[in-house]
Amino acid sequence: MLVEKVHFLLEWISAEELGAKSLAVNLSDIAACGGKPLDAFISIAVPDYIEIEWLDGFYRGMAEMARGFEVNLLGGDTTRSAGHLVINVAVTGIVPRTELLLRSTAKPGDALVLTGPLGASAAGVDLLLSKTTLDEEVAAPLIQAHFSPRPHVPEGRFLASSGAATAAIDVSDGLSSDLNHICEQSKVGARVFADKLPALPALFTAAQLMNKDPLDWILHGGEDYVLLAAVKREAANVLLQEADEEGLVLTVIGEVTGTGNAELVHPDGTVSALTPHGWDHFK
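The rules behind each value
Residues numbered from 1 in each chain as written. Predicted model: local features only at pLDDT ≥ 70, side-chain atom pairs only at ≥ 80, totals over all residues. Heavy atoms only, no water. Helix = DSSP H or I, 4+ residues; strand = E, 2+ residues; numbered from the N terminus. Buried < 20%, exposed > 50% of the residue type's maximum accessible area, 1.4 Å probe, protein only. Pairing = 2+ DSSP bridges. Axes fitted to C-alpha atoms, helices over the stretch in contact; angles between N-to-C directions. Parallel < 35°, antiparallel > 145°, perpendicular 65-115°, else oblique. Left-handed = near helix turned anticlockwise from the far one by under 90°. Contact = heavy atoms within 4.5 Å. Phe/Tyr/Trp six-rings, centres within 6.5 Å; stacked < 30°, edge-to-face > 60°.

### Some thoughts on unusual backbone geometry
Okay, so step 1: Of note, the phi angle at K187 is positive, near 60°, even though the residue is not glycine.
Okay, so step 2: Looking at the element boundaries, K187 is found in the loop between α6 (175-186) and β7 (189-193).
Okay, so step 3: A positive phi angle, close to 55°, is found at N211, a residue other than glycine.
Okay, so step 4: Among the secondary structure elements, N211 is positioned in the loop between α7 (201-210) and α8 (214-220).

As structure tokens, this is what we get:
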């Protein structure tokens, strides 16, 4: 569910972008299970200030995203809203039973891998909120990451079908929070290396110019919609090579431990607790 003023501001994002994003963030949940998305059902509560032309653009954006992943848009419900715009999408998907990726099955010794960079969306939001003006080559990829996330469905299918992945989740609430979900549900700990975390060069430039700590965006920002997976340690090197041959990017960022706690190893070797500070839906 996406709620105006909570998940998006209409003055920032176009109708087409919001339509595409509304579907993309739901396809990401299917990707996290290693599945192939099938059908989407869209329910929308529309306030009086939304024009028909805006709705046409919204559904165009959603339809374009659906075509890209061979997803059928199969209706849902439409009603009037006395408040803000509310969008709810339910997606079905399919995965072979033996390939299903869960949050509760990571094992100590597994390597932790990411399928893409972190923090760009959060940096883009900070840029928009602060109305900071940066050079286009710095600002554009960060704002684009927030408006137009790509669900990592091919990466999810690759991980699931490899037989090497033991668990996965999509990074929607922030790495610190989503890693904590895996640790809690798998009853494991984790060790993450700060200097291994992938991020766009523009993020570090923006952080320097805005006097921000880039690690805050990278660890806690959320809305990245990349996948975080645990993979069998002995299969990690071959998996990375096969991913590269498929045109996919996997980055090892740490390992699963048996401690029950998540830790962050800093470049100087010091270790601190990696506590969840990502998106909280009820804050």
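Having put the structure on the table, let's press on.
### A word on the pairing of strand β5 (residues 111-114)
Okay, so step 1: Covered by surrounding structure in β5 are A111 and V113 together with L112 and L114, the residues of both alternating faces.
Okay, so step 2: In terms of strand pairing, β5 meets strand β9 (residues 251-257) through four bridges, oriented antiparallel. Bridge pairing in β9 links V113 to V252.

### Focus: the packing of helix α4 (residues 136-147) against α7
Okay, so step 1: It is the contact of α4 with α7, at a shortest axis distance of 9 Å, that shows an interaxial angle of 115°. Judged by the inter-axis angle, α4 sits roughly perpendicular to α7. Regarding α4 and α7, the two cross each other, and that crossing is left-handed. From α4, E137, V138, P141 and L142 reach across to α7, where they touch A202, L203, T205 and A206.

### Observations regarding the packing of aromatic side chains
Okay, so step 1: This model, assessed by the stated rule, comprises two aromatic pairs.
Okay, so step 2: With a centroid separation of 5.6 Å and 15° between ring planes, the pair formed by W54 and F58 is classed as stacked. Highlighted residues: W54 and F58, both in helix α2 (residues 52-68), separated by four residues, approximately one helical turn.
Okay, so step 3: Residue W54 is classed as buried on the basis of its relative accessible area of 18%.

### Regarding the sheet that holds strand β1 (residues 2-3)
Okay, so step 1: Strand order across the open sheet formed by four strands is β1-β4-β2-β3, with mixed pairing between neighbours. The two strands at the open ends of the sheet, each matched to only one other strand, are β1 and β3 (72-80).
Okay, so step 2: Relative to strand β4 (residues 86-94), strand β2 (residues 36-46) is paired through eight bridges, and the arrangement is antiparallel. When the sheet's bridge partners are listed, I44 is paired in β4 with I87.

Bear in mind that shape data such as this cannot, by itself, settle questions of function.
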